[in-house]
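So you can see what is in the structure, the chains are spelled out below.
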Amino acid sequence: MARAMVNEDQITKELHNIIAWMTALGLPARNSRYARYEEHINKFYRPGLDLLSKKGRQFLKELTEAYRECIDIYLVYKCFQHVRHPNFISKLSKVVSGNDVPDLEVAGASRNFLFELLVAARFHLAGYAIDFDDTSDVVAKRDGLVVRAECKRLASEKQLKKRINKAADQLAAAMTEVKEEVVGIVCLDVSSCVLSGLSQVVETVDDADKEIRAALRRFLVRNANLIETLNRKHIDVSYATCLIGTLPIWSRDFVLHASASTEVRAAETLCDKKYERLKRVLAGFDETFTKVFYSM
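On a predicted model such as this, the values are computed, not experimentally measured, just so you know.

Enquirer: I keep staring at the side chain of Asp72 and nothing clicks. Help me out?
Expert: Within the fold, Asp72 resides in helix H3 (residues 54-80). Those residues in contact with Asp72, other than ones at most four positions away along the chain, are Arg111, Leu114 and Leu118.

Put into structure tokens, the structure is as follows:
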């Protein structure tokens, strides 16, 4: 479990630096949704807005999504602001081109590529070097370990089987081209699938943590058998399925708590040697979301 508390001053201050960074990379950031998010934030705080009205609720929804987008790109910026690799810039260009405040339920291309960069960022923060030369979604190296992660976003729970199968097929194709021993992992962003029944406003920081943790565990309960079946099916190429949920949740004092939860499931038949290697691979991974906000 990891969390971060952010506010509008922190986000808007960093937005100027992030836009300048992307512009320096040759990306049209000044005409992108990131340049417009400050206005989304400012209009929410204008006097006289009734949060109980239809317009007020829409503003709150837009503000929450704008903050989420800003938090995500902030993490990427903090980890990779000095990277100039053309493959990284190409992927970032697809992130920049997306629509304003996209709904989580919409599997837009911009958020798909952003999720790949977010997974890369979290491996980077866990001490891995990211290999941008490779065509896999994420290739991370640390202490003799080589990790290949295929990253998929779920717009709906019905896509779970399809997304895991596709990711495993991509891992299999990539591994035929390398001779080194590789740990394959399927990473899934299930944030849009855990929204149902989730409280958007809570009393305390701990309540925000409990909400996302409980929501992800409910998802696991509903899909445990399917995930186990698919993990066994793809055990030769994928060590495990990593479920990631990241959601912004407000407390009643209007502080945004960006809470993240990660659950990893390996097949029960995974051998002890691979299981121990998997634990080494994921050491420090769950703390990385907090680390970017408090240690950089």
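Enquirer: What am I meant to see in unusual backbone geometry here?
Expert: Here Asp143, not a glycine, exhibits a phi torsion of approximately 50 degrees, which is positive. If you trace the backbone, Asp143 turns up in the loop between strand S3 (138-142) and strand S4 (145-153). By relative accessible area, Asp143 is classed as exposed at 67%.

Enquirer: How should the pattern of salt bridges be read in this particular structure?
Expert: It is possible for side chains of opposite charge to pair when their charged atoms get near one another. Enumeration over the complete set of coordinates arrives at 15 salt bridges. Taking the shortest distance from any N to any O, the salt bridge between Asp134 and Arg148 comes out at 2.8 Å. Of this pair, Asp134 sits in the loop between strand S2 (129-130) and S3 while Arg148 sits in strand S4, placing them 14 residues apart in sequence. The class of Asp134 is partly exposed, set by a relative accessible area of 22%. A salt bridge links Glu263 to Arg217; the shortest N-O distance between them is 3.2 Å.

Enquirer: Explanation requested: the packing of helix H6 (residues 160-175) against helix H7 (residues 205-233) in the structure shown.
Expert: The relative placement of two packed helices is expressed as an angle between their axes plus a distance between the axes. Packing of H6 against H7 brings their axes to within 11 Å, and their N-to-C directions diverge by 30 degrees. By the angle between their directions, the pair H6 and H7 is classed as roughly parallel. Read as a crossing pair, H6 and H7 show a hand that is right-handed. Residues Leu160, Lys161, Ile164 and Asn165 of H6 lie in contact with H7, whose contacting residues are Phe219, Asn223, Leu226, Ile227, Leu230 and Lys233. Taken together, the residues that form the contact of H6 with H7 break down as six nonpolar, two polar and two charged.

Enquirer: Got a minute to help me understand the pairing of S3 in this structure?
Expert: On a regular strand, one side chain projects to one face of the sheet and the next to the other, so that they alternate. Counting buried positions over the five residues of S3 gives four, a clear majority of the element. Both S2 and S3 contribute to a ladder of two bridges, which runs antiparallel. Looking at S3, one finds that Ile130 is bridged to Ala140. In this structure, S3 lies alongside S4, joined through five bridges in antiparallel fashion. Counterpart to Lys141 in the pairing with S4 is Val146. Counted between consecutive antiparallel strands, the loop separating S3 from S4 contains two residues, among which Asp143 sits at a positive phi close to 50 degrees.

Basis of the calculations
- Residues numbered from 1 in each chain as written.
- Predicted model: local features only at pLDDT ≥ 70, side-chain atom pairs only at ≥ 80, totals over all residues.
- Heavy atoms only, no water.
- Helix = DSSP H or I, 4+ residues; strand = E, 2+ residues; numbered from the N terminus.
- Contact = heavy atoms within 4.5 Å.
- Buried < 20%, exposed > 50% of the residue type's maximum accessible area, 1.4 Å probe, protein only.
- Salt bridge = Lys/Arg side-chain N within 4 Å of Asp/Glu carboxyl O.
- Axes fitted to C-alpha atoms, helices over the stretch in contact; angles between N-to-C directions.
- Parallel < 35°, antiparallel > 145°, perpendicular 65-115°, else oblique.
- Left-handed = near helix turned anticlockwise from the far one by under 90°.
- Nonpolar A, V, L, I, M, F, W, Y, C, P; charged D, E, K, R; others polar.
- Pairing = 2+ DSSP bridges.

Bear in mind that shape data such as this cannot, by itself, settle questions of function.
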